[in-house]
There are 2 protein chains.
Amino acid sequence: MASQEIEALTQALARLPGLGPRSARRAVLHLMKRRESALTPLLRALEKVNENLSVCAICGNVDTTDPCGVCADPRRDARLLCVVEEVSDLWALDRSRLFPGKFHVLGGRLSALEGVRPEDLNIAGLVSRVAAGGVDEVVLAMNATLEGQTTAHYLAERLESYPVRLTQLAHGLPVGGELDYLDEGTLAQALRARRPVA
Amino acid sequence: MASQEIEALTQALARLPGLGPRSARRAVLHLMKRRESALTPLLRALEKVNENLSVCAICGNVDTTDPCGVCADPRRDARLLCVVEEVSDLWALDRSRLFPGKFHVLGGRLSALEGVRPEDLNIAGLVSRVAAGGVDEVVLAMNATLEGQTTAHYLAERLESYPVRLTQLAHGLPVGGELDYLDEGTLAQALRARRPVA
Ligand SMILES: [Zn+2]
Ligand SMILES: [Zn+2]
């Protein structure tokens, strides 16, 4: 019986991770009962992000500026480059404030099963950045999954001819664990104990 | 390190029921990575609801039309009037499609503790609707809480001089239970076994 507009909003919210149809309905009601304090602020915030949304041409991060805030930050050490699978991994590491360098987002991981090949990932961009010079260390911060580790080995081969130190996150990550779900303590330990790629 | 715009959106989403700061961040990333399929549809849906949002002058429901969809529906039996505490209760009963009549939203329940008095609720509107005639039965569908039952008794007194049958939902609701959290089976049973107010 809810109007088409309410139904459409409920469905749009229900598709967000962490919200199902039931919690989406509660969220819609919450918004409609609090137009000034909840609905309008959310609407304005979405408009602003939508207007300014861009994918960083340097690193592949999503942000409201291009280059993104990380790439544009002069306090970050450009000699240190951390390669991650997904934007969510960049955000998790950035949030921890443990890594003082820059990032590169692959946009996935190599997967025979899902048919993801090297040319499907932003590997050419990574090689260009390394080839351009100025990078001393590349941290291959792939997930501790089979596909993540396969990707790290592939990248290590692609980068071995460049004069950079290749490191990877220390083991101690839970097997099968994904970066984005880890607590800061585990991330800190893994970063501190990072080691050269064998 | 996230931009102000992203931070503002994260905070607006984190205030929704069912989402915390962590799931809000995941939702923001989800939206930013899926501009066409997720961000834009959510933005458009919010705009439409925001443009058309209104509180029904008849029953107190929130909808995108005034009168609301329930009040405007000619297939609903106007002789049956179900009084609820909150809009969420109306939505829960309406969703169950078990009640063929109309609704009235009080906007709360009487509470000595919280200083909610009869004049703070939409009771005058209810009395006017009943006094206008055409209503045969008023279902007092308050929550099975002390305050809900106090409110039901107060309403029964206010309406006793009118020629309407006063009923309340059958007990069998879990004690302390709130309508909005009940499954449809429990709601159905409570509605079927509704009984005259003693
Ligand atoms: Zn960037
Ligand atoms: Zn209405």
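Residues numbered from 1 in each chain as written. Chains lettered and ligands numbered in written order. Predicted model: local features only at pLDDT ≥ 70, side-chain atom pairs only at ≥ 80, totals over all residues. Heavy atoms only, no water.

Caption draft 1: Region of the structure containing the domain arrangement of chain A. Along its sequence, chain A is carved into domain 1 (4–52) and domain 2 (75–168). Taking the mean C-alpha position of each, domain 1 of chain A and domain 2 of chain A sit 35 Å from one another. (Domains from an automatic or database assignment.)

Caption draft 2: Up close: the coordination of the zinc ion (ligand 1). Residues and elements named next belong to chain A. Taken together, the protein donors to the zinc ion (ligand 1) comprise Cys56 (SG), Cys59 (SG), Cys68 (SG) and Cys71 (SG), at separations of 2.3 to 2.4 Å. Counting the intervening residues between successive donors of the zinc ion (ligand 1) yields the motif C-x2-C-x8-C-x2-C. The two residues Cys56 and Cys59 agree in class, both being buried. (Donors = N, O, S within 2.8 Å, 3.2 Å for Na, K, Ca; no water. Buried < 20%, exposed > 50% of the residue type's maximum accessible area, 1.4 Å probe, protein only.)

Caption draft 3: Local environment of the interface of chain A and chain B. Facing 54 residues of chain A, the contacting portion of chain B comprises 54 residues. Buried surface at the junction of chain A and chain B, summed over both partners, amounts to about 5,400 Å²; 65% is from carbon and sulfur atoms. Between Lys33 of chain B and Glu86 of chain A there is a salt bridge, with its nearest N and O atoms 3.0 Å apart. Where chain A packs against chain B, one counts eight residue pairs in polar contact (both at pLDDT 80 or more). If you tally residues by element for the side of chain A that touches chain B, the top one is helix H3 (residues 35–52) of chain A, at 15 residues. Classifying every residue of the side of chain A that touches chain B gives 26 nonpolar, ten polar and 18 charged. (Contact = heavy atoms within 4.5 Å. Buried area = accessible area lost by both parts, 1.4 Å probe. Salt bridge = Lys/Arg side-chain N within 4 Å of Asp/Glu carboxyl O. Polar contact = N/O pair within 3.5 Å; in protein donor to acceptor, adjacent residues only side chain to side chain. Helix = DSSP H or I, 4+ residues; strand = E, 2+ residues; numbered from the N terminus. Nonpolar A, V, L, I, M, F, W, Y, C, P; charged D, E, K, R; others polar.)

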